[in-house]
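# Commentary on secondary and tertiary structure
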Amino acid sequence: MSTRNLNYLFKPESVAVIGASPRAKSIGNLVMNNLLHGGFSGPIMPVNSGHASVCGVLAYQDIESLPIVPDLAVICTPPKTVPHIIEQLCARRVRAAVVVTAGLSKVEHENGVSVADAMLATANAHGMRILGHNCLGLMVPGIGLNASFAHTAALPGKIAFVSQSGALCTAVLDWAKPRGIGFSHFISMGDMVELDFGDVLDYLGSDPETSAILLYIESIHQNRTFMSAARAAARNKPVLAIKSGRVEEGARAAMSHTGALISNDAVYDAAFARAGMLRVYEFEELFAAVETLSRSRRPKGERLAILTNGGGLGVMAVDDLIEQGGVLAELKPETVEALDGVLPDAWSRANPIDIIGDADGQRYTEAMKVLLDAKEVDALLVMHCPVAVVQPVEIAETIVEIADEKPRAAITTCFVGEELAGPARERMAQANIPCFDTPLNAVQAFMHTVNYRRNQEILMEMPPSMPTNFQPATPTAKLIVEGVLANGRETMSEPEAKAVLSAYGIPTVETHIAKSPVDAAQMADTMEYPVVLKILSPDITHKSDVGGVMLGLKTREAVESAAHAMLERVRDAYPHADITGFSVQKMSRRPEAQELIIGVTSDPIFGPVILFGQGGTAVEVISDRAVALPPLNMALARDLISRTKVAKLLAGYRDHAPADIDAICLALNQVAQLIIDVPEIAELDINPLFADDQGVLALDARIKVTPAPCVTSQRLAIRPYPKNLESTYKMKEGGTYGGRKVDIRPIRPEDEPNHHIFISKLTPEDIRFRFFGLVQELPHSQMARLTQIDYDREMAFIATTQDDHHQQETLGVVRVFTDPDNENAEFSIVVRSDLKGTGLGRELLMKMIAYCTSRGTQTMVGQVLSENRRMLKFVENLGFKNTGHVEPGIVEVRLPLQDIQQAAD
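So, here is what we can say about the structure in this document. Model, not experiment: these values are computed from the prediction.

The rules behind each value
- Residues numbered from 1 in each chain as written.
- Predicted model: local features only at pLDDT ≥ 70, side-chain atom pairs only at ≥ 80, totals over all residues.
- Heavy atoms only, no water.
- Helix = DSSP H or I, 4+ residues; strand = E, 2+ residues; numbered from the N terminus.
- Rg over C-alpha atoms; globule rule 2.2 N^0.38 Å.
- Buried < 20%, exposed > 50% of the residue type's maximum accessible area, 1.4 Å probe, protein only.
- Contact = heavy atoms within 4.5 Å.
- 1 Å grid on protein atoms, 1.4 Å probe; cavity = no way out; pocket = protein on both sides within 12 Å on 5 of 7 lines; lining within 4 Å.
- Points joined across faces, edges and corners; volume = space filled by probe spheres on them.
- Nonpolar A, V, L, I, M, F, W, Y, C, P; charged D, E, K, R; others polar.
- Pairing = 2+ DSSP bridges.
- Axes fitted to C-alpha atoms, helices over the stretch in contact; angles between N-to-C directions.

On to the overall build of the chain. What the chain contains, in helices and strands, is 30 helices and 40 strands. Relative to the globule expectation of 29 Å for 905 residues, the C-alpha radius of gyration of the chain, 32 Å, shows essentially globular dimensions. By its C-alpha atoms, the chain is 100 × 85 × 70 Å across when sized along the principal axes. Scored against the burial criterion, the 905 residues of the chain give a buried share of 54%.

Summarising the element assignment, Ile 744 is placed in strand β34 (residues 741-746). Along the primary structure Ile 744 and Gln 391 are separated by 353 residues, whereas in three dimensions their C-alpha atoms are 68 Å apart. Beyond its immediate stretch of four places on either side in the chain, Ile 744 contacts Leu 725, Glu 726, Ser 727, Tyr 729, Phe 797, Ile 798, Ala 799, Leu 840, Glu 843, Leu 844 and Lys 847.

So, on to unusual backbone geometry. Cis peptide bonds are those with omega within 30 degrees of zero, and the linkage from Gly 132 to His 133 qualifies with 5 degrees. Along the chain, the position of His 133 falls in the loop between β9 (129-132) and β10 (137-140). Going from Asn 687 to Pro 688, the amide bond is cis rather than trans, its omega being 5 degrees. Assignment of secondary structure puts Pro 688 in strand β30 (residues 681-692). Located in the positive-phi region is Arg 93, a residue other than glycine, with phi close to 65 degrees. In this model, Arg 654 sits at a positive phi of 45 degrees, which is unusual for a non-glycine residue. Examined against the element boundaries, Arg 654 turns out to sit in the loop between α23 (646-650) and α24 (661-677).

Take empty space enclosed by the protein next. With the rule as written, the count across this model stands at five cavities of 30 Å³ or more. Within this model, the largest cavity holds a volume of roughly 100 Å³. Taken together, the elements giving at least two residues each to the lining of the largest cavity come down to α9 (264-274), β29 (625-628) and α22 (634-642). Examining the composition of the lining of the largest cavity, we find that three residues originate from one element, α9, more than from any other. Within the lining of the largest cavity, the residues separate by chemical class into eight nonpolar, no polar and three charged. Its boundaries defined by the atoms lining it, the second largest cavity holds a volume of some 60 Å³. Surrounding the second largest cavity, twelve residues form its lining, His 755, Arg 770, Val 813, Arg 815 and Val 830 being those nearest its centre. Residue composition of the lining of the second largest cavity, grouped by class: eight nonpolar, two polar and two charged.

A word on the environment of Met 189. Secondary-structure assignment places Met 189 in the loop between β13 (182-188) and α6 (197-205). Spatially, the C-alpha atom of Met 189 lies 9.6 Å from that of Val 98, the residues being 91 residues apart in sequence. Beyond its immediate chain neighbours, meaning those up to four positions away, Met 189 contacts Leu 131, Gly 132, Cys 135, Val 162, Ser 163, Gln 164, Leu 195, Asp 196, Phe 197 and Val 200.

Read from one edge to the other, the open sheet built from eight strands follows the order β33-β34-β35-β36-β37-β38-β40-β39, with strand pairing classed as mixed. On the outer flanks of this sheet lie β33 (727-730) and β39 (881-887), each paired with one strand and no other. Looking at each pair of strands side by side, their axes are set apart by 25 degrees on average, direction ignored. Where strand β35 (residues 794-802) and strand β36 (residues 808-818) come together, nine bridges link them in antiparallel fashion. The partner of Met 795 across the bridge, within β36, is Val 816.

Structure below.
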């Protein structure tokens with residue numbers, strides 16, 4: 001993940017075309033013509049050894065003959081020539097190339113190495129960025145750059161379109177141009193051998209000329225860099241994606257229910273949501289969603305009121321809303337009463353609000369005012385179908401007036417028809433109000449804002465603290481895993497799996513192992529009847545499918561008899577199965593409990609994935625599940641639960657008390673931490689997990705493990721909380737906090753409340769020196785950015801201790817934000833004024849210097865008010881150099897970290 005040298009790719013001042021050709025319809029000819037006719041103001045230099053000119057432009061015999069070093073090279077030559085061309089370009093210090101040539105991975109270069117690999121090796125050695133190979137090229141209409149062989153040029157605009165498919169690029173261009181849709185960047189990614197989605201997202205996420213980013217994705221090559229860049233970009237602007245290949249042919253064989261339940265497409269859904277992106281399914285919907293997000297006022301909630309002059313339209317809209325997971329607002333009596341005062345007696349008196357076909361502008365105005373003032377309404381869809389007594393444009397003008405009066409109101413409109421409705425839709429567009437031609441499109445647009453809002457909330461939400469601060473017995477779990485692998489097994493027995501869960505605090509039912517029917521009967525006698533008997537065999541995963549489970553056994557004789565019968569059934573069904581005995585467990589009596597499943601499987605792209613849903617023996621038939629990427633917190637766990645149908649049952653119904661949702665969330669977090677800590681776990685099933693108002697209880701569990709060498713450091717798509725960076729520090733003697741021990745650790749999202757308190761306790765001077773101005777209070781959105789960090793690209797260490805009331809408080813914080821190339825890390829630090837002189841500030845900054853040095857960061861950089869002499873002296877004593885003023889009143893200090901690393905070596 002890097003933005004290094006991408007300015008040469010996306011903002012070149014000169015372009016060379018290697019393989020430019022005068023032959024009509026050749027790739028080299030199309031690229032040259034597109035560059036010449038695009039309005040690019042810099043030099044365009046064709047390279048062709050066989051022609052004196054190409055397209056009327058003087059051609060150069062070879063790369064060495066070019067009069068200047070081009071910022072960008074476009075390569076249109078046969079595959080075997082590409083590695084040597086890259087070598088020549090690198091020798092001239094060219095920093096970016098677009099390789100439109102296809103088939104490089106299939107052609108051998110030297111020593112069995114493919115042309116693509118040879119090209120990549122040379123480019124990496126010289127820091128050259130390569131777009132492609134096998135791509136259409138790219139366009140940056142704002143600077144007149146059309147370095148592609150597309151059949152038409154893109155219009156200038158504020159949308160960036162990034163696609164793995166060249167064919168889709170041409171289709172989108174053909175579709176967008178007649179509709180007047182323009183682009184800031186139009187990028188065909190091709191085979192992504194060097195430049196990938198993460199790099200482009202990092203660049204576009206901070207590009208001021210881009211207001212939204214649209215992605216067409218076929219596959220992702222680097223999970224963590226994609227997630228890190230997508231999360232960063234989505235905080236700045238809308239990021240929308242189409243993912244192709246949604247349907248899998250056939251069921252994937254898996255040991256667990258979880259493996260059978262999770263599709264690759266569901267994992268992409270979870271990843272996009274976790275990154276704060278919005279997923280759509282057709283490219284027309286993609287652009288409609290961008291238009292909606294750019295024009296719409298964001299609703300404060302999800303409850304939609306529908307105002308219409310046609311009952312049928314309203315019913316259609318409600319159907320579409322409910323099918324897409326929307327919420328129809330329920331009108332309160334006072335709202336109905338207010339509408340009674342402005343509408344005819346025949347109005348619907350419910351939502352959707354049918355105000356009768358002859359409704360004029362005045363009736364729409366009065367109804368809209370009531371609904372927009374109603375507290376139970378978060379957004380309003382205004383619909384109109386043509387009638388003889390009123391022109392649609394009159395209704396449009398009414399809507400514009402109301403929107404101007406209430407600029408924060410979330411209004412979507414729908415004018416059905418064409419001849420009369422067309423001018424009304426044009427008026428909506430002029431007023432920047434979203435407008436659609438069918439109820440389905442209008443509802444879909446509203447749901448885009450809802451889903452985008454949900455994903456952004458997940459991205460920014462402050463999670464509550466855990467209901468209990470569980471301390472996992474990780475060594476115990478690891479010991480069990482090592483024992484299973486040492487025995488040459490990959491599947492744990494049920495008692496082993498439950499022991500692992502118990503080590504992480506997940507309640508499990510009492511379970512014992514018996515070798516024979518007699519042993520099982522004797523074991524049952526030591527337990528409280530009734531008991532459950534299960535077959536134990538590494539060859540049998542789903543025991544109930546083969547009669548390997550017997551419930552409610554109440555006597556010794558019943559247990560022994562059931563065991564003999566079970567052996568006979570299983571041996572008949574699986575004569576070659578290795579039967580190691582039985583498990584005998586206490587029969588849990590929790591009649592009000594819901595049967596749930598919590599599972600883990602490993603996705604080939606995003607790594608470990610957590611599943612939650614309705615469990616039991618019919619889990620695959622019911623197929624009620626949702627998936628999420630670890631790590632989790634309480635808020636993410638609650639969101640995961642909410643995306644299932646069983647969530648409604650867990651909330652309680654009739655005489656069934658609500659289940660302990662916090663206990664379920666805690667179990668999900670415990671499982672997430674387990675798979676983070678024990679990377680050998682490949683699959684896990686807890687099914688069923690009982691959940692009621694008393695908490696949760698795991699009745700059955702299975703775990704599959706793989707040897708550690710198969711595990712890589714990048715197995716998790718999102719870097720989890722780095723617990724290994726926690727430390728303690730004893731402050732210097734003297735003052736209120738003298739000699740007190742403090743914990744210094746990475747910041748967590750749960751720290752937001754204490755961070756608000758910390759900011760409130762800073763002196764005005766502390767705040768001015770830290771924020772370069774007076775700040776009374778930071779809003780949640782800004783505080784979330786400070787506490788919900790991506791540990792892959794930024795770090796913040798906080799110092800915490802207990803106050804006199806035994807509550808945790810924050811005393812200071814140091815943070816860095818590192819550029820994608822890991823060259824510069826910009827730092828800031830603030831410690832409460834009453835703690836100066838305790839050595840805490842020095843300890844925090846030294847810890848951050850050590851951390852950045854260990855990551856290979858080259859330089860730490862900070863900006864300090866020139867009047868903050870104490871801070872300047874403090875950092876200079878630690879080796880920082882004052883490099884002068886970056887603007888009046890602000891100086892920059894820099895610390896070369898490689899000097900520290902070399903000294904340590």
